[in-house]
Amino acid sequence: MNENKYKKLSCILLYLAFAGVSCWATAESLHLLMSGFPIVMCWIVTIGFFIVASIGTKLIVDSLNKNLYIEKRNLKLSMGLLIVLFFWLVCSMPTNTHTFFYRQVVADVTTADLATTKNYLTDIRDNKKSLNDYQMDVEKITRQVNSKLIDLEAEIDNPSNIGDGPKAKEILYEISQLLRCKPIATLSGTATTPQQRQARKAAYRTIVQNQLESYIADLAKSADGKTSGDSRLAANSIKQIAQMQNVITDMKNQGCVDNDKIMQSDVVMQNGYAIIKNNSSAVNFQGQDEQVYNADPLVTKTHRLLSVFDVWKDWLTTDKYDGHGFIFWVILSILVDVGAFIFFDLAFKKQD
């Protein structure tokens, strides 16, 4: 008799230990999802749900035990299955997995999110995209004009039509179109001797080069004029993000996860995301980030980790969590809960 009491007490204690881990994970996940919901209320809901789920497993075990007399066996079996489905499979297991996975990856995800957001804000602050576009435009127009100049010089030296004839005039017109300037007039005089042609080519090159420099100067003014009006906002946001980077680095060095610090970082990044969205034309996005920073509504990569729904959705529909051991945390969550249910059933086992 004493031995049975000891076994029952041991099972109850083990049940409380396993259930405690499970309830902590579920309460943590619910509080991350609903930060405005008091943590005490999350615990109350979690404990209630887990006890109900445990009772559901007990109904299933007893209903399947043919050595016991159970009234309305099939009904109780169905009730047990429904209880386990709704209170464990829909609530406890997903939230437990979420908490375990979240605590493993959130520091790295937040660190990367802060760094990426800071880089894009730097594009806005420093007008990087306009400057890059300006440089590309300069290289492109210079290459096109030089190519036309080579054609022009070849036409002037063309043995079948020496000098600046109709074809040369056509090339000069094409150059003026490229540089968006008045048509470049042909030079007067003859260009029949090699010396005359050489002088003629040098003169055209000087004229075109001057027009090219004027065109590039206009491009520079245009690039300067494209400086974002939110550059000051971007600069302030960069300072805030830099502060949060230090906070998260300290947190990682301490080997812990502080949800308050994670949420503070998320708030700072939400502001940065909004600035980036409002100035997306000034940003050089990488990969799929343009969709992330222009989404409606805006949801930071860190914020998605706070939601059990978004984490499971991303795992089921994308490959963003590949290699992060998500399946391991699913299995661990199941084992913790199943262990608790087994000890509950043993503690309150009906005698044959």
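Our subject is the structure listed above.
The sections below set out a description of the structure shown in this document. (Residues numbered from 1 in each chain as written. Predicted model: local features only at pLDDT ≥ 70, side-chain atom pairs only at ≥ 80, totals over all residues. Heavy atoms only, no water.)

**Examining the overall build of the protein**
When its secondary structure is counted, the protein shows 12 helices and zero strands. Starting at the N terminus, the α and β elements of the protein follow one another as α-α-α-α-α-α-α-α-α-α-α-α. Taking 20 Å as the expected radius of gyration for a compact globule of 352 residues, we find that the protein reaches 36 Å, considerably beyond that expectation. Overall size of the protein, expressed as C-alpha extent along the three principal axes, is 125 × 40 × 30 Å. Across the 352 residues of the protein, 39% fall into the buried class. Here the contacts in the protein between residues at least 6 apart in sequence split such that 73% fall between residues at least 24 apart. If you sum the accessible surface of the protein, you get close to 19,700 Å²; carbon and sulfur atoms cover 58% of it. (Helix = DSSP H or I, 4+ residues; strand = E, 2+ residues; numbered from the N terminus. Rg over C-alpha atoms; globule rule 2.2 N^0.38 Å. Buried < 20%, exposed > 50% of the residue type's maximum accessible area, 1.4 Å probe, protein only. Contact = heavy atoms within 4.5 Å. Areas by Shrake-Rupley, 256 points an atom, 1.4 Å probe, with all protein chains shown as cover.)

**Concerning the packing of helix H2 (residues 39-64) against helix H3 (residues 73-126)**
Where H2 meets H3, the closest approach of the two axes is 7 Å, and the angle between their N-to-C directions is 145 degrees. In the crossing of H2 with H3, the sense of the turn from one axis to the other is left-handed. Here Phe49, Phe50, Val52, Ala53, Gly56, Thr57, Leu59, Ile60, Asp62, Ser63 and Leu64 of H2 lie close against H3, whose contacting residues are Arg73, Lys76, Leu77, Gly80, Leu81, Ile83, Val84, Phe87, Trp88, Cys91 and Ser92. For the contact of H2 with H3, the per-class residue count stands at 14 nonpolar, five polar and three charged. (Axes fitted to C-alpha atoms, helices over the stretch in contact; angles between N-to-C directions. Left-handed = near helix turned anticlockwise from the far one by under 90°. Nonpolar A, V, L, I, M, F, W, Y, C, P; charged D, E, K, R; others polar.)

**What about the layout of surface pockets?**
If you add up the space inside the largest pocket, you get close to 590 Å³. Taken together, 22 residues make up the lining of the largest pocket; nearest its centre are Val292, Lys301, Arg304, Asp314 and Lys320. Mapped by element, the contributors of at least two residues to the lining of the largest pocket are H3, helix H9 (289-293) and helix H10 (301-306). If you tally residues by element for the lining of the largest pocket, the top one is H3, at seven residues. For the lining of the largest pocket, the residue count by class is nine nonpolar, six polar and seven charged. (1 Å grid on protein atoms, 1.4 Å probe; cavity = no way out; pocket = protein on both sides within 12 Å on 5 of 7 lines; lining within 4 Å. Points joined across faces, edges and corners; volume = space filled by probe spheres on them.)

**Some details on the pattern of salt bridges**
Counted under the stated rule, the structure contains 13 salt bridges. Residues Asp157 and Arg197 are paired through a salt bridge, measuring 3.2 Å at the closest nitrogen-oxygen approach. One end of the pair, Asp157, is in the loop between helix H4 (128-156) and helix H5 (166-179); the other, Arg197, is in helix H6 (residues 194-225), and 40 residues separate them in sequence. The exposure class assigned to Arg197 is buried, which follows from its relative accessible area of 13%. Connected through salt bridges with shared partners, the residues Arg304, Asp310, Asp314 and Lys320 form a single ionic network. (Salt bridge = Lys/Arg side-chain N within 4 Å of Asp/Glu carboxyl O.)

Don't take any of this as a statement about function, it's just geometry.
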